[in-house]
Amino acid sequence: MTIKMNAVAAATAMVLGAFSTTASADLLITEYIEGGGFNKAIELYNSGDAAQSLNGYKLVRYKDGATTTTDMVAFTDQEIPAKGILVVRHTDAVLNLDASVTEMIGGLQQNGTDAVALLNGDTVIDIVGAVPTPKDWGKDVTLRRSDTTSSMLAKDTFDESDWTSQPKDTVDGFGCIGENACSFVAEPGVLLITEYIEGGSNNKAIEISNVGGSAIDLDANVYQLAKHSNGAVDAGDTEILSGTIEPGNSIVFHNSGATDEFKVGTESKVTWFNGDDAMVLTKDGAVIDSIGKVGEQLKWSDGEFSTVDKTLRRKDSVKVGDTDTSDTYPGTSKEQWLVLAKDTADGLGCAGESACDGSVTPPEPEPETGPCTGCETLTPVADPTTFNAEIYYSDVLSGDFANAEELKNALSVIIAKDHKQLSYKQVWSTLTYADQDPADDKKVIEIYTGESISKYDNQTSGSGAGKWNREHVWAKSHGFPSDSQWGYTDAHHLRPSDPGINTARSNNDFGACSDTGEEVLFNGVGTGNYLNKTTDCWEPRDEVKGDVARMIMYMDTRYQGTDTATTNMPDLIVVDRLTTTAEDSEPLIGTLCTLYAWNKLDAVDTYEQNRNNQVYKYQGNRNPFIDRPELVQEVYGAVCGDDPNPALVVDGDIVTPESVTEGTAYTIDASAITAGEGVTLTYKWEQIVAEEKTVVGDQAVLSLTAPEVKADETLNFTLTISDGSLATTKDVSLSVVNVPLTLSVEFAGATKVTEGDKTTITATVADAPEGTSYSWKQLSGTTAEFTATGLTLDVTSPSVNIDQVLVFELTATVGEESFSKSVSLEVENTEEAGWTKPDGAGSLGGLMTLLLPLMWWRRRQG
């Protein structure tokens, strides 16, 4: 009897038929993770008593039940020691694995429907999943191989009883075999969103915590919390996290309109969410956690879980964030959260599932080894005591610039030359020197409040109440959001600021809005700063308006987009208007002429001069508008109605003909121009040819004769009008029309000749201008011998095979113009003696007629 094997079984047998536990019974797949985003990893275990080389081994997958393999990782020089473990992960996986027991290699990309096998050559050593694969057998799970002796064997089929399933993104078992978590795992710092409150009215807050095992320096990378409002793909309101966050510590942002129990940490617009706004936490642009789905406007809910009218608190077991912002939400992510009643606020400020009971206290501050908390002592790079402005700005002071832009570019070169890029952490230290309170060397002055605050109260983590942070006067979101960009850490525009006031200023432009905005309060008292939320306008207090103006002008001058390869900075531009919301990320800021007025209102003082010296000491370059205040007018005065070189104001127009014919007289009349009653004017007319200027007149009316031109041409003039003290210039252009040269030419002489004959052609030109010259050339036909003298052409006709026409051309030249006319000469062919033309009758005659041209040609050749 014949038994037929079904197709699936046959395919499986064919794929796995090479399986052999003798190849290496010691190598096993002991853990498998298919988590969120790129969280994919495989754990390999060497159960043997000797080290195992992986040369020739590879991990493959059977994609979506395929019976053919796709390579994922091919091993080369890796080796697993006896009883050792190797973990292979996707390159972009966010996995908190103990580096002492893992080697991060490769780029896995398996789905829950893919079987994964370890091969030595083409021999299967071990496999997770079956071929063909049941759908979603291993999706969104972590699988651990059981620790019983019987199951610790390499297998060619998938037996679910050999494995235990753990929740999505569970990683605490990597590095040790068995069903249990590894007791020795020492987690690094892990930053997650740990609390989200969408309560009644403005009771909104969000908490970010370090749930790992070591501190995170938030300034070492760009950590950003962003709100994607109403289904927007692009981020709206954002917060850049700074300082150091210890394990178990939290950063909280709350809505400014929330009730007191929610006012933990710092108020921020990032909390203006309504349950349908995705919240995304990123590190250097890569997503490390999220709530909601980017690009979808939906109040996400599933059963008890909801992003509306709830407090969501992250479970203690969660160590990896939701990194996929495009998958269906909440999906399995809901399992990561405890869902608490609306307006529950007792968990803000501490990580974990439980309410904060006061037992979580901040760690003891480290000894003050630097100028502020967690700060380093900087090494000077320049000596302000030996600074000489005449030498530093010599290229500008001795330069001759055609316009303000050229001057600004020259200043940019000077202040870029010795600029040393600071780290964002070093900015803390620089500000303690630059903004030191003149009355107390242990404090700094906050820019917007004017308050004196301890240098050691810099906000390194947690709530900003009673602290100071670093204010980017040119808002960093306007062109340089990354701390790798030089403008981000340029201390010339960074100032100490109260965190709450800093948040209120946000990234708003500077403008005059005290009449339309509301005064910003600090501890219930007016600060002299005004904010118009409708126009996004910020007006600082009078005492620092000039400081702000000169800082913005410095940034506009320093970063011209000419050294982008070095600074990673765009061309910053200060514009004379408030920028729009759509321009928030553009390298623009306003308002130029308001800032120009503030520069005059609040002149440079000793505090600002000392600040310039201190930044120079640690950053190596200077603000030219503090050293040389007159440069503000030189660079920006003209565009703001305060030209340092004012021109004479005149009325009236210059009367100019639209065009003039060459050789004719013309006038350009400026006599209608006046500069006020009784003002006597003088005039200087200059003609411009290339780069040269030639004075051609000194009266109001310029009278000239148009030159002879070869083609239509434009004449350019400059008129300088002066009243004796001020002057102005006006440009005038005039088109000169060329009249083409035309002559009347007649030819005489024999123009019909026999080949070999000579003939003379004589031309007559009526009314030829004096100095006219003549030349002849043959245009077509068999080349003939000819001589030409003036208007006379002597030609010897060439031998021709058939009658032919030769064409000659006479060219008359006057100056740079010329006129040409041609004459034709007919040359007749002479038949050789003895040759007669045959009759064309009869078939032979017809044939001969066809052959005659060839015969005649051959005869002629003979």
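Rules of the game
- Residues numbered from 1 in each chain as written.
- Predicted model: local features only at pLDDT ≥ 70, side-chain atom pairs only at ≥ 80, totals over all residues.
- Heavy atoms only, no water.
- Helix = DSSP H or I, 4+ residues; strand = E, 2+ residues; numbered from the N terminus.
- Buried < 20%, exposed > 50% of the residue type's maximum accessible area, 1.4 Å probe, protein only.
- Contact = heavy atoms within 4.5 Å.
- Areas by Shrake-Rupley, 256 points an atom, 1.4 Å probe, with all protein chains shown as cover.
- Axes fitted to C-alpha atoms, helices over the stretch in contact; angles between N-to-C directions.
- Parallel < 35°, antiparallel > 145°, perpendicular 65-115°, else oblique.
- Left-handed = near helix turned anticlockwise from the far one by under 90°.
- Nonpolar A, V, L, I, M, F, W, Y, C, P; charged D, E, K, R; others polar.
- Disulfide = S-S within 2.5 Å.
- Expected span 1.5 Å × (residues − 1).
- Polar contact = N/O pair within 3.5 Å; in protein donor to acceptor, adjacent residues only side chain to side chain.
- Pairing = 2+ DSSP bridges.
- Phe/Tyr/Trp six-rings, centres within 6.5 Å; stacked < 30°, edge-to-face > 60°.
- Salt bridge = Lys/Arg side-chain N within 4 Å of Asp/Glu carboxyl O.

A. Molecular detail of the overall build of the protein chain. The helix and strand tally for the protein chain stands at 13 helices and 51 strands. Within the protein chain, the fraction of its 862 residues that count as buried is 47%. Looking at the protein chain alone, contacts between residues at least 24 apart form 65% of all its contacts between residues at least 6 apart. Put simply, the protein chain shows about 40000 Å² of open surface, and 48% of that area lies on carbon and sulfur atoms.

B. Expanded view of the packing of helix α7 (residues 545–558) against helix α9 (residues 592–601). The contact between α7 and α9 brings their axes to 7 Å, and the two run at 130°. When the axis of α7 is compared with that of α9, the two are oblique. Where α7 crosses over α9, the handedness of that crossing is left-handed. Contacts between α7 and α9 involve Lys545, Gly546, Val548, Ala549, Arg550, Ile552 and Met553 on the former and, on the latter, Leu595, Tyr596, Trp598, Asn599 and Leu601. Of the residues belonging to the contact of α7 with α9, the class tally is eight nonpolar, two polar and two charged.

C. Broad picture of the state of the cysteines. Considering all chains together, one arrives at three disulfides under this definition. Between the sulfur atoms of Cys372 and its disulfide partner Cys375 the distance amounts to 1.8 Å. Handedness here is read from the sign of the S-S torsion; for Cys372 and Cys375, about -100°, the answer is left-handed.

D. Quick look at helix α4 (residues 404–416). Between its terminal C-alpha atoms α4 stretches 18 Å, which fits the 18 Å expected from 13 residues at 1.5 Å a residue. Along α4, the positions that sit buried rather than exposed are Leu407, Lys408, Ala410, Leu411, Ser412, Ile414 and Ile415. Buried residues along α4 sit in contact with α2 (389–392), α3 (394–397), α7, α11 (624–627) and α12 (630–636). For α4, the N-terminal cap is Asn403; the gap from its side-chain oxygen to the backbone nitrogen of Glu405 is 3.2 Å.

E. Structural view of the pairing of strand β4 (residues 57–62). Within β4, six of the six residues are buried, which leaves the element mostly enclosed by the surrounding structure. One ladder, built from four bridges, connects β4 with strand β5 (residues 70–74); its direction is antiparallel. Across the sheet, Leu59 pairs through a bridge with Val73, a residue of β5.

F. Structural view of the sheet that holds strand β9 (residues 123–128). Taken in spatial order, the four strands of this open sheet run β5-β4-β8-β9, and their pairing is antiparallel. At either margin of the open sheet sits one strand with a lone partner, and together these are β5 and β9. Looking at each pair of strands side by side, their axes are set apart by 30° on average, direction ignored.

G. Summary view of helix α10 (residues 606–619). A rise of 1.5 Å per residue sets the reference length of α10, with its 14 residues, at 20 Å; its end C-alpha atoms lie 20 Å apart and thus fit the reference within 8%. Of all the residues in α10, the buried ones are Tyr607, Glu608, Arg611, Asn612, Gln614, Val615, Tyr616, Tyr618 and Gln619. For α10, the side-chain oxygen to backbone nitrogen distance between the N-cap and Tyr607 is 3.3 Å, and the N-cap itself is Asp605. Trailing α10 by a residue or two, Gly620 shows a phi angle of about 90°, which is positive.

H. Spatial organisation of the sheet that holds strand β31 (residues 509–510). The four strands are arranged β31-β34-β33-β32 in an open sheet whose pairing can be described as mixed. Of all the strands in the sheet, the pair left with one neighbour each is β31 and β32 (518–522). Strand direction decides the pairing type here: strand β33 (residues 525–532) and strand β34 (residues 537–539), joined by three bridges, are antiparallel. Within β34, the residue paired with Tyr530 across the bridge is Glu539.

I. Just the packing of aromatic side chains, in detail. Applying the stated criterion across every chain, the model contains 14 aromatic pairs. Judged by centre distance (4.7 Å) and plane angle (25°), the ring pair of Tyr433 and Tyr618 falls under stacked. Of the two residues, Tyr433 is situated in helix α5 (residues 424–434) and Tyr618 in helix α10; the sequence distance between them amounts to 185 residues. Comparing Tyr433 with Tyr618, the two get one shared label, buried. On the numbers, 6.0 Å between centres and 55° between planes, the contact of Phe625 with Tyr636 is tilted. Of this pair, Phe625 sits in helix α11 while Tyr636 sits in helix α12, and the two are 11 residues apart along the sequence. As far as burial versus exposure is concerned, Phe625 and Tyr636 are alike and both buried.

J. Quick look at the pattern of salt bridges. Within this structure, the stated rule accounts for 29 salt bridges. Residues Glu31 and Arg144 are paired through a salt bridge, measuring 3.1 Å at the closest nitrogen-oxygen approach. On the criterion of sequence distance, the pair formed by Glu31 in strand β1 (residues 27–34) and Arg144 in strand β10 (residues 141–145) is long-range, its members being 113 residues apart. For the pair Glu31 and Arg144, one class covers both residues: buried. Notably, a salt bridge pairs Asp219 with Arg470, separated by 3.2 Å at the nearest N-O pair. With a gap of 251 residues between them, Asp219 in the loop between β14 (216–217) and β15 (223–228) and Arg470 in strand β29 (residues 469–472) connect regions that are remote in the sequence. Classification of Asp219 by relative accessible area gives buried; the value is 10%. A single network of salt bridges, built from pairs that share partners, joins Asp435, Arg495, Asp547 and Arg611.

K. Just the packing of α4 against α7, in detail. As a packed pair, α4 and α7 sit with axes 8 Å apart at the nearest point and diverge in direction by 90°. Classified by the interaxial angle, the pair formed by α4 and α7 is roughly perpendicular. Touching Lys408, Leu411, Ser412, Ile415 and Ala416 of α4 are Tyr554, Asp556, Thr557 and Arg558, all from α7. Among the residues forming the contact of α4 with α7, the class breakdown is four nonpolar, two polar and three charged.

L. Representation of the side chain of Thr772 in the model. Tracing the chain through its elements places Thr772 in the loop between β46 (758–766) and β47 (773–780). Polar contacts involving the side chain of Thr772 include one to the main-chain carbonyl oxygen of Pro769, which spans 2.5 Å. When sequence neighbours within four positions are dropped, the list of residues in contact with Thr772 reads Ala812, Thr813 and Val814.

M. Quick look at the environment of Phe819. Take Phe819: it is sitting in strand β51 (residues 817–828). Discounting chain neighbours no more than four positions away, the residues touching Phe819 are Leu741, Thr742, Leu743, Val745, Leu810, Thr811 and Ala812.

N. Local environment of unusual backbone geometry. With an omega dihedral of 5°, the bond running from Tyr329 to Pro330 counts as a cis peptide bond. Geometrically, the link from Gly590 to Thr591 is a cis peptide bond, its omega value of 5° lying close to zero. For Thr591, the location among the structural elements is in the loop between β36 (588–590) and α9. Although it is not a glycine, Asp309 sits at a positive phi angle of roughly 55°. One non-glycine residue, Asp343, adopts positive backbone phi at about 65°. By the element assignment, Asp343 lies in the loop between β25 (337–340) and α2. Judged by relative accessible area, Asp343 falls into the partly exposed class, the value being 30%.

O. Examining the side chain of Asp547 more closely. With respect to the helices and strands, the residue Asp547 is situated in helix α7. When residues no more than four places from it in sequence are discounted, the contact partners of Asp547 are Arg495, Asp602 and Glu608.

P. Structural context of the environment of Ala382. By secondary structure assignment, the location of Ala382 is in the loop between β25 and α2. Among the residues examined, Ala382 registers a relative accessible area of 17% and is labelled buried. Once the C-alpha coordinates of Ala382 and Tyr618 are considered, the two residues, 236 residues apart in sequence, prove to be 6.7 Å apart. Setting aside chain neighbours within four positions, we find Ala382 in contact with Tyr616, Lys617 and Gly620.

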